[in-house]
Amino acid sequence: MISVRSLCKRHGERAVLTEVTAEVARGETIAIVGPSGGGKTTLLRCLNYLERFDAGEIEIAGERLVPGMAASDPALRRLRTRVGMVFQQFNLFPHLTALDNIALAPRVVKRVAAPDAIAAAHALLARVGLADRAGAYPHELSGGQQQRVAIARALAQEPDVMLFDEPTSALDPEMRDDVMDVIRGLAEGGMTMLVVTHEMQLAHDVASRVWVIDHGAVVEDGPPAQVVDQPRTAVARELFGRLRRASP
Amino acid sequence: MLIALIASVSIVGCRGDAPQGDSLAAIRQRGEITWGGDVQGGEPYVFEDPEHPDQVIGFEVDIMNAVARRLGVRARMVQYAWSNLVPSLERGDFDVIANGLEATTERRQRILLSDPYFVYAETLTVRRDSDVRSVFDLAGKRVGTLNQSYAYDILRMLYGDAKVYEGNEEPYQDLALGRIDAVLLDNIIADRYGCIAARPTLKCLPYDVARGTYVIGIRKADRALKQAIDGALAAMRADGELERILRKANLWDARQLEAPPSEGHAIRGRALDGDMVLQFLAAAWVTLELSVLAFLIAVPLGVALAIARVYGGAPVRAAARIYIELFRGTPVLLQLFVLYYGVASLISLGPIEAAVIGLGLNYAAYEAEVYRGALLAIPRGQSEAARALGLGPAQTLRHILIPQALRLALPPMTNDFVSLLKDSSLVSVIAVIELTKRMTIAAVDMRGWLVPGALCAAMYLALSFPLSELARRLERRLARDQRPLAL
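Remember, it's a predicted structure, so these values are computed and weren't measured experimentally.

A. Molecular detail of the overall build of chain A. Secondary structure assignment for chain A yields 9 helices and 10 strands. Summarising its shape, the C-alpha atoms of chain A cover approximately 50 × 45 × 30 Å along the three principal directions. Burial status across chain A gives 47% buried among its 248 residues. Counted over contacts in chain A with a minimum sequence separation of 6, partners at least 24 positions apart contribute 63%.

B. Just helix H6 (residues 150-159) of chain B, in detail. All names here are of chain B. Those residues of H6 that fall on the buried side of the exposure criterion are Tyr-150, Ala-151, Tyr-152, Asp-153, Ile-154 and Leu-155. Looking at the buried positions of H6, the neighbouring elements they touch are strand E7 (118-127), strand E8 (143-146), strand E9 (163-165), strand E10 (182-186) and strand E12 (210-214). Of the residues one or two after H6, Gly-160 is the one with positive phi, at around 90 degrees.

C. Region of the structure containing the packing of helix H3 (residues 98-109) of chain A against helix H5 (residues 143-155) of chain A. All names here are of chain A. One way to put it is that H3 packs onto H5 with a least axis distance of 8 Å and a crossing angle of 20 degrees. In terms of orientation, H3 and H5 fall into the roughly parallel class. Crossing of H3 against H5: the hand is right-handed. Taking contact as the criterion, the partners of Ala-98, Asn-101 and Ile-102 in H3 are, on H5, Val-149, Ala-152 and Arg-153. Classifying every residue of the contact of H3 with H5 gives 4 nonpolar, 1 polar and 1 charged.

D. Summary view of unusual backbone geometry. Residue and element names in this part refer to chain A. The phi dihedral of Asn-91 falls on the positive side, at around 55 degrees, and the residue is not glycine. Here Asn-91 shows up in the loop between strand E6 (83-86) and H3. Within the chain, Glu-158 stands out as a residue other than glycine whose phi angle is a positive 50 degrees. Secondary-structure assignment places Glu-158 in the loop between H5 and strand E7 (161-165). On the basis of neighbour counts, which here come to 11 C-beta atoms within 10 Å, the residue Glu-158 falls in the exposed class.

E. Focus on the interface of chain B and chain A. Contact residues are listed per partner, giving 18 residues for chain B and 20 residues for chain A. Counting only elements with at least two residues in the side of chain B that touches chain A, the list comes to helix H15 (380-388) and helix H16 (393-423) of chain B. Tallied by class, the residues present in the side of chain B that touches chain A amount to 6 nonpolar, 7 polar and 5 charged.

F. Highlighting the nonpolar core. Ranked by internal contacts, the top residues of the largest apolar core, which has 138 residues, are Ile-32, Ile-102, Ile-183 and Val-195 of chain A. Every residue in contact with Ile-32 of chain A, bar those within four places of it in the chain, is listed here: Lys-40, Leu-43, Leu-44, Leu-194, Val-195, Val-196, Trp-211 and Ile-213 of chain A. If you look at the next biggest cluster of nonpolar residues, it comprises 74 residues, including Leu-85, Val-119, Val-183 and Leu-242 of chain B.

G. Focus on the environment of Ala-388 of chain B. With respect to the helices, strands and loops of the structure, Ala-388 of chain B is situated in helix H15. Not counting residues up to four positions away in its chain, the partners in contact with Ala-388 of chain B are Asn-48, Leu-50, Arg-80 and Met-85 of chain A.

H. Structural view of helix H18 (residues 450-478) of chain B. If you check H18 of chain B, its first and last C-alpha atoms are 41 Å apart, about what 29 residues at 1.5 Å a residue would give, namely 42 Å. The set of residues buried in H18 of chain B consists of Pro-452, Gly-453, Cys-456 and Met-459 of chain B.

I. Inspection of the pairing of strand E2 (residues 14-24) of chain A at higher detail. Residues and elements named next belong to chain A. The sheet contact formed by strand E1 (residues 2-11) and E2 spans 7 bridges and is antiparallel. Each residue of the ladder has a partner; that of Ile-2, found in E2, is Val-24. Two successive antiparallel strands, E1 and E2, enclose a turn made up of 2 residues, where Gly-12 displays a positive phi of approximately 60 degrees.

J. View of the environment of Cys-195 of chain B. Here Cys-195 of chain B lies in the loop between helix H8 (187-194) and strand E11 (202-204). With 19 C-beta atoms counted inside 10 Å, the residue Cys-195 of chain B sits in the partly exposed group.

K. Layout of the sheet that holds strand E4 (residues 74-79) of chain B. All names here are of chain B. One open sheet accounts for 5 strands, arranged E4-E1-E5-E13-E6; its pairing is mixed. Because the sheet does not close on itself, it has two edges, and the strands there are E4 and strand E6 (112-113). Pairing between strand E1 (residues 32-37) and E4: 6 bridges, direction parallel. Bridge pairing in E4 links Gly-37 to Gln-79.

Criteria and cut-off values
- Residues numbered from 1 in each chain as written.
- Chains lettered and ligands numbered in written order.
- Predicted model: local features only at pLDDT ≥ 70, side-chain atom pairs only at ≥ 80, totals over all residues.
- Helix = DSSP H or I, 4+ residues; strand = E, 2+ residues; numbered from the N terminus.
- Buried ≥ 20, exposed ≤ 12 C-beta atoms within 10 Å, placed from the backbone.
- Contact = placed C-beta atoms within 7 Å.
- Axes fitted to C-alpha atoms, helices over the stretch in contact; angles between N-to-C directions.
- Parallel < 35°, antiparallel > 145°, perpendicular 65-115°, else oblique.
- Left-handed = near helix turned anticlockwise from the far one by under 90°.
- Nonpolar A, V, L, I, M, F, W, Y, C, P; charged D, E, K, R; others polar.
- Core = buried A, V, L, I, M, F, W, Y, C linked by C-beta atoms within 7 Å.
- Expected span 1.5 Å × (residues − 1).
- Pairing = 2+ DSSP bridges.

Pasting the structure below:
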């Protein structure tokens with residue numbers, strides 16, 4: 001489903017990603033962890049070309065991404081209907097209701113008829129446990145509810161891959177569980193997902209594989225039982241030690 | 001509160017520090033008589049000397065110099081807007097008026113008038129192919145004249161209304177362009193601006209529609225000054241100096257030797273009545289129509305300019321920037337003149353069309369900057385989320401950015417619209433009668449600013465307040481998440 005080959009990105013003199021190579025099979029859930037500034041979010045954003053890169057290539061959901069693609073490239077428009085993205089800060093559209101946030105992209109991008117898009121949006125709201133908040137505007141929803149609407153909004157395009165950029169970092173602890181439950185449900189439903197997270201529990205219980213990224217490279221890659229419980233590198237040991245202490 | 005303000009202004013305006021007693025002694029003591037005039041009246045009255053632009057010349061300058069010499073003092077002209085000469089005289093801003101002031105019964109009731117120094121004739125100018133033969137053929141025609149002139153009174157007496165202009169050139173230009181059918185003005189103006197070689201399509205009809213006289217205006221209390229000036233004028237007539245001055249300015253004709261015409265006409269003073277309220281309502285409708293139509297141009301054009309400036313490539317950005325600087329950096333009055341008179345030979349716009357387009361193009365520049373600020377205030381995450389969902393640039397603008405930008409721009413837009421309502425009064429320069437123009441006309445008819453001013457203010461408020469209220473409600477509905485936190 002996803003194949004990353006020798007991906008390189010620089011910010012001026014500083015290398016952000018150095019020769020990242022990785023594969024993700026259909027139905028896998030990858031937890032991407034690592035110290036801040038290590039390149040986790042940059043890698044994730046490269047996967048749907050929100051971030052440009054300098055060398056290497058990516059194949060994702062049947063589209064091939066290379067450096068220097070134009071913003072208007074039709075391959076990118078196709079890519080973004082197949083790859084959903086969930087942001088740390090939700091980025092809901094404040095002028096639209098929860099329902100319209102979800103129904104907008106199918107109607108505008110895929111030209112789904114309004115009644116069909118709205119019916120699908122209601123079903124998605126029910127799926128994330130917010131059937132009764134269809135008419136609410138984003139500012140009337142809690143952070144956890146907003147993030148669940150944002151997940152439903154990404155799912156409305158029926159993507160093959162979902163990318164999550166620290167989906168629970170901006171939430172109070174008691175709201176994280178609702179969002180985690182939604183992500184777990186997606187994993188059990190066979191969605192291919194990459195989740196940048198500091199959430200120990202998510203990496204351990206939900207992920208099929210864990211990547212540890214440090215200094216722009218994947219330094220560990222394996223099932224949670226191996227990477228979380230028996231880390232090989234000092235950075236992973238330090239990371240999971242701290243996460244373990246931080247989690248009750 | 002507002003009424004009180006207007007009242008106090010008008011008291012200052014009317015009473016001021018008008019000198020008590022006779023001014024003649026003061027003039028002799030000063031050694032100088034000051035007289036009010038307006039160089040905008042142009043050649044041959046009072047105008048700036050093309051050779052020495054810091055000096056004024058004209059036949060009225062010569063007449064006043066001669067009068068002053070005979071009074072044993074110097075004369076000095078002071079520049080005032082022509083339509084404010086009488087109130088300014090009453091305020092004591094200068095000693096006398098000598099600038100094409102027509103002797104009318106109405107004026108005689110307000111100030112003292114000297115004996116005439118010139119006899120003029122109202123002359124009708126039409127296009128050569130016109131079937132108009134006299135002033136009585138003008139029913140249903142569009143006739144232009146100058147505001148507050150005797151000709152305007154004649155036209156209103158005969159036909160109720162006319163199209164009023166502020167300058168000598170514009171009525172004849174509009175006549176040549178076919179925007180109006182006739183112009184009625186003094187022979188002095190008609191001979192110099194109307195039936196001239198440069199306007200081969202125009203002709204002046206040979207019959208005098210009416211005759212009138214130019215006189216010197218003097219404050220009501222200054223009887224001794226009037227006597228002295230009348231004496232000086234009589235002496236100038238007797239020893240031929242007046243004729244020499246008028247011949248020099250090419251103004252001498254047989255009319256000057258005939259007995260001066262009696263003051264045949266009196267302007268009917270008007271009181272506030274139903275007709276006047278209706279005229280004000282019609283003018284308020286023009287103001288509203290102009291403002292709404294102009295805003296309907298300004299908003300979409302402003303959005304397009306803002307998008308060009310924020311998201312366009314370098315040449316598009318530069319073009320939008322030049323447009324904004326050009327329209328924001330030059331007076332809207334100038335833009336209206338250029339649009340209505342300057343390019344009239346290329347595209348001849350009606351006055352309302354020119355006004356709407358001119359104000360619309362001008363306000364678009366201001367709106368563009370408001371929307372640009374609003375677009376820049378939208379968090380980056382909004383565009384990213386839209387892009388990540390597969391929306392293209394145009395879809396992102398239409399569904400995500402513009403709705404949010406308009407919401408942010410609503411308070412400044414309301415501001416701009418209220419400001420446009422008032423700026424629309426500028427279009428009276430291109431012969432549109434809107435609310436402010438109606439007020440100035442009514443103020444002349446009623447000989448006072450208080451009632452028309454209050455009526456005019458009330459109508460502007462009646463237009464702007466519901467709009468502000470509508471905007472406030474819209475804002476509350478749109479900006480649900482932007483309620484301010486109590487401090």
